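Observations on the three-dimensional arrangement
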Amino acid sequence: MSGTTRSSEGLDQRRRKLLFRSWHRGIREMDLILGGFADRAIGSLTDAELHQYEHLLEVQDADLLSWVTGTNPVPAAFDTPLLKKIMASRSA
């Protein structure tokens, strides 16, 4: 079970891959955070945001979760408007 509420139908290959990777992270908390965000936003992300998202998906789950929850500060290289969107989407 992926948890996704969005079909990948109508998405290009790149977005389909990112949607899948968002729901298949390694720890369930990140599946829910990134998967939920991807369900809502993957179709409307710009090319620049897609690139940032791909880069973000390379981060280890424990590190990413600590940034999103505020346990650790976000390193400058990852402190992007896209990460801020993801973090804001948690309260939506």
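Going by the structure above, here's the rest.
So, here is what we can say about the structure in this document.

Basis of the calculations
- Residues numbered from 1 in each chain as written.
- Predicted model: local features only at pLDDT ≥ 70, side-chain atom pairs only at ≥ 80, totals over all residues.
- Heavy atoms only, no water.
- Helix = DSSP H or I, 4+ residues; strand = E, 2+ residues; numbered from the N terminus.
- Buried < 20%, exposed > 50% of the residue type's maximum accessible area, 1.4 Å probe, protein only.
- Contact = heavy atoms within 4.5 Å.
- Areas by Shrake-Rupley, 256 points an atom, 1.4 Å probe, with all protein chains shown as cover.
- Phe/Tyr/Trp six-rings, centres within 6.5 Å; stacked < 30°, edge-to-face > 60°.
- Arc of directions from axis to C-beta.
- Salt bridge = Lys/Arg side-chain N within 4 Å of Asp/Glu carboxyl O.

**Quick word on the overall build of the protein**
Counting secondary structure elements, the protein contains 5 helices and 0 strands. The secondary structure elements of the protein, listed N-terminal to C-terminal, are α-α-α-α-α. Looking at the protein residue by residue over its 92 residues, the buried ones come to 39%. Relative to all contacts within the protein whose residues are 6 or more apart in sequence, the contacts with residues 24 or more apart total 54%. Looking at the protein as shown, the accessible area adds up to about 5,400 Å², and 54% of this sits on carbon and sulfur atoms.

**A few points about the packing of aromatic side chains**
One pass over the full model with this rule turns up 2 aromatic pairs. Residues phenylalanine 37 and tyrosine 53 carry aromatic rings whose centres are separated by 5.9 Å and whose planes lie at 50° to one another, so their mutual orientation is tilted. Of the two residues, phenylalanine 37 sits in helix H2 (residues 28-41) while tyrosine 53 sits in helix H3 (residues 47-56), which places them 16 residues apart along the sequence. Here tyrosine 53 falls in the buried class, since its relative accessible area comes to 0%.

**Topic: the environment of glycine 43**
Residue position: glycine 43 is located in the loop between H2 and H3. For glycine 43 and leucine 11, which are 32 residues apart along the polypeptide, the C-alpha to C-alpha distance reads 6.9 Å.

**Quick word on H3**
Within H3, the full set of buried residues consists of Glu49, Leu50, Tyr53 and Leu56. Seen end-on, H3 carries its buried residues on one side only, within an arc spanning 120°. Residues of H3 that are exposed and point more than 90 degrees away from the buried face comprise Asp47 and His51. The elements touched by buried residues of H3 are helix H1 (13-23), H2, helix H4 (61-68) and helix H5 (81-89).

**Quick word on the pattern of salt bridges**
All chains considered together, the criterion is met by 8 salt bridges. For aspartate 61, the salt bridge identified is with arginine 25, shortest N-O distance 2.7 Å. Placement of the pair is aspartate 61 in helix H4 and arginine 25 in the loop between H1 and H2, with a sequence separation of 36 residues. The two residues aspartate 61 and arginine 25 agree in class, both being buried. Of the charged contacts, one joins aspartate 79 and lysine 84 as a salt bridge, the two residues approaching to 2.6 Å between their closest N and O atoms. Of the residues examined, aspartate 79 reaches a relative accessible area of 41% and is grouped as partly exposed.

Purely geometric numbers; function is a separate question.
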